[in-house]
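Tertiary structure, described
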Amino acid sequence: MIVGIDLGTTNSLVGVFKDGAPQLIRNAHGDFSTPSAVALDDQGQLIVGLAARERAATHPDMAAQAFKRFMGTDRRLRLGKREFRPEELSALVLQSLKADAEAFLGETVTEAVITVPAYFNDAQRRATRMAGQLAGLKVERLLNEPTAAGLAYGLQERQNNSTFLVFDLGGGTFDVSVLEYFEGVVEVRASAGDMRLGGEDFAQVMGQLFCDACPDITSATREQLSRSTHWWRAAELAKRELSDRESTRMQLVLDNRALSADITRDAFEKASAELLHRLRRPIERALHDAQLQPASLDEVVLVGGATRMPMIRQMITRLFQRLPLRTIDPDQAIAQGAAVQAGLKARDAALDEVVLTDVMPFSLGIIVSQEVNGTRIGDRFSPLIERNTPVPVSRSGVYSTVSDNQTFIKLDIRQGESPVGSENLKLGELEIAVPPAKAGQASVDVRFTYDANGLLDVDVRDLLGGNQANTLIRNTDTNMSDAQMAEAVAKLQGLKRHPRDDADNVYLLARAKRLYEDRLGAERQVIQDWMAQFSSALETQDPRVIRQARSAFKEALDSIDTSFRF
Ligand code: AMP
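Residues numbered from 1 in each chain as written. Predicted model: local features only at pLDDT ≥ 70, side-chain atom pairs only at ≥ 80, totals over all residues. Heavy atoms only, no water.

1. Quick word on the site of the ligand
Note the following rule: Here a residue is near a molecule or strand as soon as one of its heavy atoms is found within 4 Å of it. Polar contacts here mean pairs of N or O atoms no more than 3.5 Å apart (in protein, one a potential hydrogen donor and the other a potential acceptor; neighbouring residues in sequence count only if both atoms are side-chain atoms). Residue-level accessible areas treat just the shown protein chains as cover; the underlying method is Shrake-Rupley with a 1.4 Å probe. Counting from the N terminus, the helices are DSSP H or I runs at least four residues long and the strands are E runs at least two residues long. Each residue gets one of three labels, nonpolar for Ala, Val, Leu, Ile, Met, Phe, Trp, Tyr, Cys and Pro, charged for Asp, Glu, Lys and Arg, and polar for the others, Gly among them. Domain start and end points were adopted from an automatic or database domain assignment.
The ligand sits among 16 residues. The nearest are G171, E236, K239, S243 and A306. The backbone of G305 places a nitrogen or oxygen atom 3.0 Å from an oxygen atom of the ligand. For the ligand, whose unbound accessible area comes to 500 Å², protein coverage reaches 89%. When contributions to the shell around the ligand are tallied by element, the ones reaching two or more residues are α5 (199-213) and α7 (229-241). Ranked by residue count, the leading element in the shell around the ligand is α7, at 3 residues. For the shell around the ligand, the per-class residue count stands at 2 nonpolar, 8 polar and 6 charged. For the shell around the ligand, the domains that each give at least three residues are domain 1 (1-153 + 329-354) and domain 2 (157-327).

Laid out in structure tokens, this is it:
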């Protein structure tokens with residue numbers, strides 16, 4: 001069975017295509033969403049998901065979150081004394097989802113479709129594949145998140161030539177895509193986005209509003225606050241409350257002082273004006289690339305948890321002069337679509353008709369120099385495959401030598417939209433020998449082939465001498481060698497884990513600890529007593545006693561904690 005996975009910045013979900021429909025799978029806590037968080041407990045045991053997110057509040061140095069933002073980079077994240085690559089942390093989240101799927105299906109899961117932001121570059125896509133491999137999953141396909149959302153909404157069942165815009169504002173990334181359906185094919189006509197813009201930025205705005213409203217917060221305290229998870233949590237809660245109400249009270253304990261401020265939706269929306277403005281550019285770019293006017297779209301689809309903010313819906317309604325579609329839970333649409341695609345891969349009969357094409361979200365080319373009015377100008381970008389070309393795609397171009405008796409041509413392969421070659425992301429180099437000749441007479445044919453999984457195959461052929469060279473682009477900085485892969489697998493396998501049955505216990509204790517740190521005085525005493533009672537129940541090792549104590553402990557925590565769902 002192939003599973004479909006939405007590997008999100010804040011939360012991840014897994015689903016399968018079963019009985020003719022996508023079906024999401026619950027984790028050990030009974031939730032569809034698993035926080036993309038990894039932590040180590042005091043004994044060095046691994047915790048993933050809800051408990052890890054609680055642990056991040058009390059022991060930020062022992063936990064990692066939002067590591068999707070670092071996928072494809074060299075960044076290492078520290079958990080206690082150990083260091084992890086972002087793909088290793090992602091692999092731990094994937095392993096947890098895989099275990100949930102196996103518990104649900106009663107069979108081993110070895111294959112997956114994993115979604116990525118359409119805006120992810122080559123290195124980021126590669127890191128995602130790597131994460132899948134480290135988790136013991138064969139990644140059948142990387143699917144662009146908006147395409148997944150489109151599939152979840154059944155856009156493929158619409159009339160020919162229907163066009164849809166998918167607006168996806170998640171925790172840390174923003175994507176806009178224009179999809180078109182024609183005779184059994186869903187095609188991404190254009191996609192654009194901002195990898196560094198998401199719901200978390202709105203929480204940041206909320207946190208700043210709070211600081212502005214509390215006169216005794218100095219700039220030094222502000223600095224200290226912005227690094228504290230308590231501040232983040234309070235800002236996040238206030239932000240979510242303002243999606244349902246006109247006003248909220250944000251509260252926080254700082255150096256044993258209780259601070260609070262009332263914040264209105266109106267003030268929050270005004271303070272978010274710049275973020276709203278930043279959302280417009282990718283929309284305009286995607287529409288421009290797809291050569292469409294807002295009015296000619298058939299539907300606008302909202303996905304991603306942050307689209308629950310009324311200001312987002314208002315902006316979309318104003319911009320497109322229509323109400324957007326949001327019948328599927330915005331947190332689940334991508335995972336549902338991934339499950340549809342998994343069904344497609346497994347050739348589920350119900351989906352036989354649907355074919356899917358993606359576009360390449362960025363331009364690919366090489367650096368060249370060019371003669372302009374007798375002067376040679378270097379460092380120019382010459383795109384071979386333009387952004388938003390449907391994939392798979394293969395394009396070629398001919399390039400010539402620039403000096404007499406030049407013995408080789410070196411291709412500097414780049415990805416990006418800047419006219420200045422060196423400003424684009426370097427993907428690799430390829431050298432080819434050419435026969436000595438006058439400048440401009442030796443030339444090579446360069447062919448770029450890009451497939452649906454984001455692999456770039458570069459072929460170069462010398463047109464005079466017939467030499468050939470080829471490379472499959474690997475970003476050496478971020479790609480692991482086989483030896484590194486084996487080492488990483490051994491490292492992940494060597495981590496001690498809590499049994500899956502234990503997940504709720506670990507989570508409740510971590511949550512109680514976080515609440516204890518948050519609260520003061522008598523409340524602390526009560527929480528400590530609850531923790532002691534639960535711990536003594538655990539020591540009995542009697543499943544019935546533990547079950548009862550767990551239920552009482554959970555009820556008690558729920559009664560004093562409103563922010564437990566994130
Ligand atoms: P996703 O990555 O799609 O799970 O989106 C997560 C983002 O959605 C986070 O930044 C959340 O703060 C945000 N979010 C979830 N629920 C709400 C809500 N009710 N109001 C505002 N933002 C929300």
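2. Quick notes on the state of the cysteines
Working definition: the covalent bond between the sulfur atoms of two cysteines is a disulfide. Under the convention used in this document: Two cysteine sulfurs form what is called a disulfide whenever their separation falls within 2.5 Å. For every residue, the accessible area obtained with a 1.4 Å probe (protein chains only) is divided by the maximum for its type, and the residue is called buried under 20%, exposed over 50%, and partly exposed between those limits.
The full count for this structure, using the stated rule, is 0 disulfides. Summary of cysteine pairing: C211 is not part of a disulfide, and the nearest cysteine sulfur, belonging to C214, is at 7.0 Å. What makes C211 buried here is its relative accessible area of 3%. On the basis of relative accessible area, C214 is assigned to the buried category, the value being 5%.

3. Things to note about the sheet that holds strand β24 (residues 425-433)
Defined as follows: A strand pair is defined by DSSP finding two or more bridges across the two strands. Helix axes are fitted only over the stretch in contact, all axes being lines through C-alpha atoms; the angle between N-to-C directions runs from 0 to 180 degrees.
An order of β20-β19-β23-β24 is seen for the 4 strands of this open sheet, with the pairing classed as antiparallel. Both edges of this open sheet fall to β20 (375-385) and β24, since each of them pairs with a single strand only. Across this sheet, the average inter-strand angle for adjacent strands is 35 degrees, counted without regard to direction.

4. With respect to the packing of aromatic side chains
The way to describe two aromatic rings as a pair is by their centre distance and the angle between their planes. As a reminder, the rule being used: Aromatic pairing here means that ring centres of Phe, Tyr or Trp (its six-membered ring) are within 6.5 Å. Orientation follows from the plane angle: under 30 degrees is stacked, over 60 is edge-to-face, and everything else is tilted. Lysine NZ or arginine CZ positioned within 6 Å of the ring centre and within 35 degrees of the ring normal marks a charge as sitting over the ring.
Under the counting rule described, the total for this entry stands at 4 aromatic pairs. Between W231 and W232, the aromatic rings sit 5.6 Å apart at their centres with planes inclined by 75 degrees, giving edge-to-face as the arrangement. A cation over an aromatic ring shows up here: R26 above the ring of F32, its NZ or CZ 4.2 Å from the ring centre.

5. Quick notes on the sheet that holds strand β5 (residues 37-40)
Strand order in the open sheet formed by 3 strands is β6-β5-β7, and the pairing between neighbours is antiparallel. One side of each edge strand has no neighbouring strand; the edge strands of this open sheet are β6 (46-48) and β7 (63-65). With strand direction ignored, the average angle separating the axes of adjacent strands in the sheet is 15 degrees. Note: β5 against β6, 3 bridges, orientation antiparallel.

6. So, helix α10 (residues 310-320)
Put simply, the rule reads: The criterion used for residue contact is that any of the two residues' heavy atoms lie within 4.5 Å.
Turning to α10, its buried residues are P310, M311, I312, M315, I316 and F320. Where α10 is buried, its residues touch β12 (162-169), α5, α8 (265-271), α9 (273-289) and β17 (299-303). Immediately beyond the C-terminal end of α10, within one or two residues, lies Q321, with a positive phi of roughly 55 degrees.

7. Thoughts on the domain arrangement of the chain
Frequently, the measure chosen for interface size is the accessible area that the parts lose on association. So the rule is basically this: Take the accessible area each of two parts loses on contact, using a 1.4 Å probe, and add the two losses: that sum is the buried area. Whenever a carboxyl oxygen of Asp or Glu lies within 4 Å of a side-chain nitrogen of Lys or Arg, that contact is scored as a salt bridge.
The domains assigned to the chain are domain 1 (1-153 + 329-354), domain 2 (157-327), domain 3 (364-492) and domain 4 (500-560). Here the C-alpha centre of domain 4 lies 28 Å away from the C-alpha centre of domain 1. At the interface, 16 residues of domain 1 touch 10 residues of domain 4. Interface area for domain 1 against domain 4, summed over the two sides, is near 1,100 Å², with a carbon-plus-sulfur share of 61%. Counting the surface domain 1 buries against domain 4, the share from its top three residues, H29, E54 and T58, is 47%. Run the count over domain 1 and domain 4 and you get 3 salt bridges. Among the salt bridges present, the one from E54 reaches R514, with a minimum N-O distance of 2.7 Å. Inspection of the region where domain 1 meets domain 4 yields 3 residue pairs in polar contact (both at pLDDT 80 or more). Secondary-structure elements contributing two or more residues to the side of domain 1 that touches domain 4 are α1 (50-58) and α2 (86-105).

8. Observations concerning helix α4 (residues 145-152)
Counting buried positions along α4 gives 8 out of 8 residues, so the element sits mostly inside the fold. Burial in α4 covers these residues: E145, P146, T147, A148, A149, G150, L151 and A152. Following α4 by one or two positions, G154 adopts a phi angle in the positive range, close to 65 degrees.

9. Let's talk about the side chain of D561
The residue D561 is located in the segment after α15 (543-560) in this model. Note on D561: relative accessible area 2%, which makes it buried. At 3.1 Å, the side chain of D561 and the side chain of R514 are in polar contact.

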